[in-house]
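Okay, here's what each chain looks like letter by letter:
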Amino acid sequence: MKSLVDEKMKNVEAELSALKSQLSALEEAYKKADKVLEDAIATATNDAKGYADVQAAEAQKAAIASAQKLVDNAVAKLEASLDAANKKIDENGNNIASLIAANVILTEGVQVAQKRADEAYALAETAKKLADAAQAAADKVRNLPTKLRVVQMLPMRLLLPMPS
């Protein structure tokens, strides 16, 4: 049982390291999203396209911030589980009861952290989809004036006399 708990603690520590590296990547993504938002606001035109560009940037930044929070929570849960498991063993020794209790604490911590990490990944995917959808909407709005010019020209063509 001791080797099982020791192995699980090593796995939790490895997962903590991986999550912390993801936090660094999320921090970089957040900084980039913040810059994109600043640029969108600075260059926004006073029309639907400008509004769509700003909304896309805001949605992406908010989703990244939410993902950061979930990963932070996962890290905190894993650290708390590791601390609680170590405390249980330190207080009660390496007897079977304390090792089983430590194993349960670690398992619960891993399950909660995995759920939060999955939610963070889903939010990151949602951020990308929102940004893509907003960009597609902005592209449609950008092409709208051209389409409207064609529609405005149609009646004039219809009024011209037909060549004989």
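The structure displayed is predicted, hence computed values, not measured ones. (Residues numbered from 1 in each chain as written. Predicted model: local features only at pLDDT ≥ 70, side-chain atom pairs only at ≥ 80, totals over all residues. Heavy atoms only, no water.)

Colleague: Teacher, can you tell me more about the overall build of the chain here?
Modeller: Within the chain one finds three helices and zero strands. For the chain, the N- to C-terminal ordering of α and β elements is α-α-α. The buried share of the chain, taken over its 164 residues, is 26%. The long-range fraction of contacts in the chain, counting pairs at least 24 apart against all pairs at least 6 apart in sequence, stands at 79%. (Helix = DSSP H or I, 4+ residues; strand = E, 2+ residues; numbered from the N terminus. Buried < 20%, exposed > 50% of the residue type's maximum accessible area, 1.4 Å probe, protein only. Contact = heavy atoms within 4.5 Å.)

Colleague: Would you take a moment to explain the environment of A124 for this structure?
Modeller: Along the polypeptide, A124 turns up in helix α3 (residues 96–159). For the pair A124 and A65, spaced 59 residues apart in the sequence, the C-alpha separation amounts to 9.5 Å.

Colleague: What am I meant to see in a nonpolar patch on the surface here?
Modeller: On the surface, a cluster of nonpolar side chains totalling about 420 Å² of accessible area is made up of M1, L4, I96, I100 and V104. For the nonpolar patch, the element with the highest residue contribution is α3, accounting for three residues. (Patch = residues over 30% accessible without salt bridge, like charges linked within 9 Å, V, L, I, M, F, W, Y side chains within 5 Å. Areas by Shrake-Rupley, 256 points an atom, 1.4 Å probe, with all protein chains shown as cover. Salt bridge = Lys/Arg side-chain N within 4 Å of Asp/Glu carboxyl O.)

Colleague: So what exactly am I meant to see when it comes to helix α2 (residues 48–92) here?
Modeller: If you check α2, its first and last C-alpha atoms are 65 Å apart, about what 45 residues at 1.5 Å a residue would give, namely 66 Å. In the stretch just after α2, G93 is the one whose phi turns positive, near 80°. (Expected span 1.5 Å × (residues − 1).)

Colleague: Sorry, what's going on with the side chain of Q68 here?
Modeller: By the element assignment, Q68 lies in helix α2. Take Q68: its relative accessible area is 13%, and that puts it in the buried class. Residues in contact with Q68, not counting those within four places in the same chain, are L23, L26, E27 and Y30.

Colleague: Even after reading the chapter, I still don't get the nonpolar core, so can you show me in this structure?
Modeller: Ranked by internal contacts, the top residues of the largest apolar core, which has 24 residues, are V5, M9, L19, V71 and L106. Residue assignment for this core shows that the elements contributing at least two residues are α1 (2–43), α2 and α3. No other element matches the ten residues that α2 contributes to this core. (Core = buried A, V, L, I, M, F, W, Y, C linked by side-chain atoms within 4.5 Å.)

Colleague: Teacher, can you tell me more about the confidence of the model for the chain here?
Modeller: When pLDDT is low, close inspection of the predicted coordinates is not appropriate. When pLDDT is averaged across the chain, the result is 80; 84% of the residues are at 70 or more. Within the chain, α3 has the poorest average pLDDT of any element, 72, and α1 the best, 87. (pLDDT = per-residue confidence, 0-100.)

Colleague: Can you help me understand the pattern of salt bridges in this one?
Modeller: Opposite charge on two side chains allows them to pair when their charged atoms are near. Taken as a whole and judged by the stated rule, the model has six salt bridges. Across the pair E28 and K31 runs a salt bridge whose closest N-O atoms are separated by 4.0 Å. Linking E28 with K31, this pair stays in helix α1, spanning three residues, or about one helical turn. Judged by relative accessible area, E28 falls into the partly exposed class, the value being 42%. Of the residues examined, K31 reaches a relative accessible area of 46% and is grouped as partly exposed.

Colleague: I tried to follow the side chain of S98 on my own but got confused; where do I start?
Modeller: Tracing the sequence through the fold places S98 in helix α3. Ignoring any residue separated from it by four or fewer positions in sequence, one finds S98 in contact with K88, I89, N92 and G93.

Colleague: I would appreciate a short explanation of the environment of A74 in the present structure.
Modeller: By the element assignment, A74 lies in helix α2. If near-sequence neighbours (up to four positions away) are discounted, A74 is found in contact with L19, A113, R116 and A117.

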